[in-house]
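# Summary of the model geometry
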Amino acid sequence: MGAVCADPAARPLEARFGAPAVAKAVRAVLAQARTQLSIDPLAVPSIAGLLEAAGCRLADGARETLFPVINATGVVIHTNLGRAPLAPEAVAAAIAAGGYGNLELDLDSGRRSSRHDHLDGLIAEVSGAEAGLAVNNCAGAVLLALAAVAQGAPVIVSRGELVEIGGGFRVPDVVSQSGSALVEVGTTNRTHLRDYEQALGDHPDAKVILRTHPSNFRITGFTAAPALDTLAHFAHAHGLLLVEDLGGGALVDLSPYGIADEPTVQASLQAGADLVLFSGDKLLGGPQAGIAAGRRELVERLASHPLARALRLDKLSLAALAATLRLYLPPADPTERVPVLRMLTQPAEAVAARAEALMSRIAGFPALEAEIRETLSYAGGGAMPMHALPGRAVALRSARFSAEDLAWRLRTGATPVLGRIEQDLVLLELRTIADAEIPTLAEAICAAS
Ligand SMILES: *Cc1c(COP(=O)(O)O)cnc(C)c1O
């Protein structure tokens, strides 16, 4: 970025459009070039070529507002920064899906097919469910599932699970929007099987028990809730369906990495949930999507419900989701191939080594003091709120700028860098930074400090 803007050929552009606009255009063109490079490593652009492209952009009046940033917050699934960063395979699949494709066409027969066909088998294979489908997001999947499965009959939910996830997703509101009445059972901290039994006595027309993952909130201490398999057994014995909104959507058991309290989709299905709903862009590490996995008959009911059309996944996300799910198929190791899982499971030593690598690049910068700090970082996205991951941050203090000003300069530079302020220092967490980003990050620190 610096080299491109410093090139003499940038001067005429700056004279015409102003330096900030040129910097913005160059940033957008560089982002495009980086994407191109991830697909074709030989497509290395020249400075002249980049400036020409930036000039065209400015002349066209095309102004991007969305830029790549460096996430130095340590929060792996950061909602404000677009949640899960996609694997290169998923990015390439989305780009390839940009043109015409056999999204809803069976090439063999030449007849119309369903876009769900691309995901059904894959979701089933990775989760162990009979069938699966994906819609726009998990909130949509919950709404669709309740509308299609409860069909207006009462839905039973424990009072300990009537949560608000953030962004306006509140369980009671979603139930009522689905057209069903909410039947609350138990208390905030303790709900027993007999509470469900009593609710069923009062509401014999109830069809669904909804279990929700409390996401970014925990009740600890004097608590009780029936185990999922007990609840499933109870539901089935009384002709009810058990739907679980899992939110996070882990398909890999993270307990060997010290992350113990995140239930997997497979475990939930094995315990007897009829339908499990989860996000595509949280622990699964794919694009924004909401996935429903479970019994085929129920998944088909969801697919043919009118809301499925309103909530359908677009072709770019569908392609990226399919590519991400393929990274879960053996012999691929998702903890190495899916960026979210790689960042969550990387050992503390790997994070520390990256901190050292950054330190060695910024050591000589004038007017800047830097040191490595041991920190704690979080998964984010409502997953594992109690589970702090051991992290390393590079703490910066500028001789010229306050911590607030330095953070602002980092945020608004050519490559925006997002860190956090703690005790008058700007902390840049290394867990969420890729090795390949270190040179760019050092350049951004140099420009800002
Ligand atoms: C995050 C979350 C949702 C909403 O998922 P989106 O994909 O953001 O729509 C719903 N339920 C639970 C339990 C969640 O954690």
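## Focus on the packing of aromatic side chains
Summed over all chains, the structure comprises 0 aromatic pairs. Geometry around Phe222 places Arg190 over its ring, the cationic atom sitting 3.9 Å from the centre.

## Section: the sheet that holds strand S9 (residues 368-377)
The strand order across the open sheet formed by 4 strands is S9-S10-S13-S12, and the pairing between neighbours is antiparallel. One side of each edge strand has no neighbouring strand; the edge strands of this open sheet are S9 and strand S12 (420-422). Each strand axis lies, on average, 35 degrees off the axis of its neighbour in the sheet, ignoring direction. Here 4 bridges tie strand S10 (residues 389-398) to strand S13 (residues 425-429), and the two strands are oriented antiparallel to one another. The residue bridging Ala395 from the neighbouring strand is Leu427, located in S13. Strand contacts of helix H17 (residues 348-362): S9 and S10, with the helix running at about 15 degrees to S10, the strand carrying the most contacts. Those strands touched by helix H18 (residues 403-411) are S10, S12 and S13, and its axis lies near 40 degrees from that of S13.

## Quick look at the site of the ligand
Every residue close to the ligand is listed here: Arg83, Asn137, Cys138, Ala139, Ile165, Phe169, His213, Ser215, Asp245, Gly247, Ser279 and Lys282. Here Ser215 contributes a side-chain N or O atom positioned 2.9 Å from an oxygen atom of the ligand. A distance of 2.6 Å separates an oxygen atom of the ligand from a polar side-chain atom of Ser279. In the complex, the protein chains occlude 93% of the 380 Å² of accessible area that the ligand would expose alone. Elements that contribute at least two residues to the shell around the ligand include exactly helix H7 (138-149) and strand S6 (241-247). Looking at side-chain class alone, the shell around the ligand contains 4 nonpolar, 5 polar and 3 charged residues.

## Notes on the sheet that holds strand S5 (residues 208-212)
Remark on secondary structure: sheet strands pair via backbone hydrogen bonds, oriented parallel or antiparallel. Across the sheet, which stays open at both edges, the 7 strands sit in the order S2-S8-S7-S6-S5-S3-S4 with mixed pairing between neighbours. Strands at the two margins of the open sheet, each flanked by one partner only, are strand S2 (131-135) and strand S4 (182-185). Each neighbouring strand pair of the sheet contributes to a mean axis angle of 25 degrees, computed without reference to strand direction. As paired strands, S6 and strand S7 (residues 275-279) are joined by 4 bridges and run parallel to one another. Counterpart to Gly247 in the pairing with S7 is Phe278.

## Observations regarding the domain arrangement of the chain
Domain annotation for the chain reports domain 1 (2-62), domain 2 (70-77 + 342-448) and domain 3 (88-333). In this complex, domain 2 contributes 11 residues to the contact, which on the side of domain 3 involves 15 residues. Taken over both partners, the interface formed by domain 2 and domain 3 buries close to 1,100 Å², and the fraction arising from carbon and sulfur atoms is 74%. The tally of links between domain 2 and domain 3 comes to 0 salt bridges. Between domain 2 and domain 3 we count 0 residue pairs in polar contact (both at pLDDT 80 or more) in total.

## Focus: the packing of helix H5 (residues 88-96) against helix H14 (residues 315-326)
Contact geometry of H5 with H14 gives a least axis separation of 7 Å together with a crossing angle of 145 degrees. In this structure, H5 crosses over H14, and the sense of that crossing is right-handed. Taken together, the residues of H14 that come into contact with H5 (itself represented by Glu89, Ala90, Ala93 and Ala94) are Leu316, Ala319, Ala320, Ala323 and Thr324. Within the contact of H5 with H14, the residues separate by chemical class into 7 nonpolar, 1 polar and 1 charged.

## Describing unusual backbone geometry
Of the consecutive residues Pro330 and Pro331, the connecting peptide bond is found in the cis state with omega at 5 degrees. Residue placement: Pro331 occurs in the loop between H14 and helix H15 (334-337). Positive phi, close to 50 degrees, is recorded for Gln151, a residue that is not glycine. The phi angle at Ala367 is positive, at roughly 60 degrees, despite the residue not being glycine. Within the secondary structure layout, Ala367 lies in the loop between H17 and S9. Take Ala367: its relative accessible area is 30%, and that puts it in the partly exposed class.

## A closer look at the pairing of S7
Within S7, 5 of the 5 residues are buried, which leaves it mostly tucked inside the rest of the structure. Taking the sense of rotation as the criterion, the β-α-β connection linking S6, helix H11 (residues 265-270) and S7 turns out right-handed. Relative to strand S8 (residues 290-294), S7 runs antiparallel, the two sharing 5 bridges. Across the sheet, the residue bridging to Val276 is Ala293, located in S8.

## Let's talk about the side chain of Asn71
Along the chain, Asn71 falls in strand S1 (residues 70-71). Here the side chain of Asn71 touches Val75 through a polar contact of 3.0 Å, landing on its backbone oxygen. Setting aside its immediate chain neighbours within four residues, Asn71 contacts Val76, His78, Leu81, Leu418, Glu429, Thr432 and Ile433.

Cut-offs and rules
Residues numbered from 1 in each chain as written. Predicted model: local features only at pLDDT ≥ 70, side-chain atom pairs only at ≥ 80, totals over all residues. Heavy atoms only, no water. Phe/Tyr/Trp six-rings, centres within 6.5 Å; stacked < 30°, edge-to-face > 60°. Lys NZ or Arg CZ within 6 Å of the ring centre and 35° of its normal. Pairing = 2+ DSSP bridges. Helix = DSSP H or I, 4+ residues; strand = E, 2+ residues; numbered from the N terminus. Axes fitted to C-alpha atoms, helices over the stretch in contact; angles between N-to-C directions. Contact = heavy atoms within 4.5 Å. Near = heavy atom within 4 Å. Polar contact = N/O pair within 3.5 Å; in protein donor to acceptor, adjacent residues only side chain to side chain. Areas by Shrake-Rupley, 256 points an atom, 1.4 Å probe, with all protein chains shown as cover. Nonpolar A, V, L, I, M, F, W, Y, C, P; charged D, E, K, R; others polar. Domains from an automatic or database assignment. Buried area = accessible area lost by both parts, 1.4 Å probe. Salt bridge = Lys/Arg side-chain N within 4 Å of Asp/Glu carboxyl O. Left-handed = near helix turned anticlockwise from the far one by under 90°. Buried < 20%, exposed > 50% of the residue type's maximum accessible area, 1.4 Å probe, protein only. Right-handed = clockwise from strand over helix to strand, strands pointing away.

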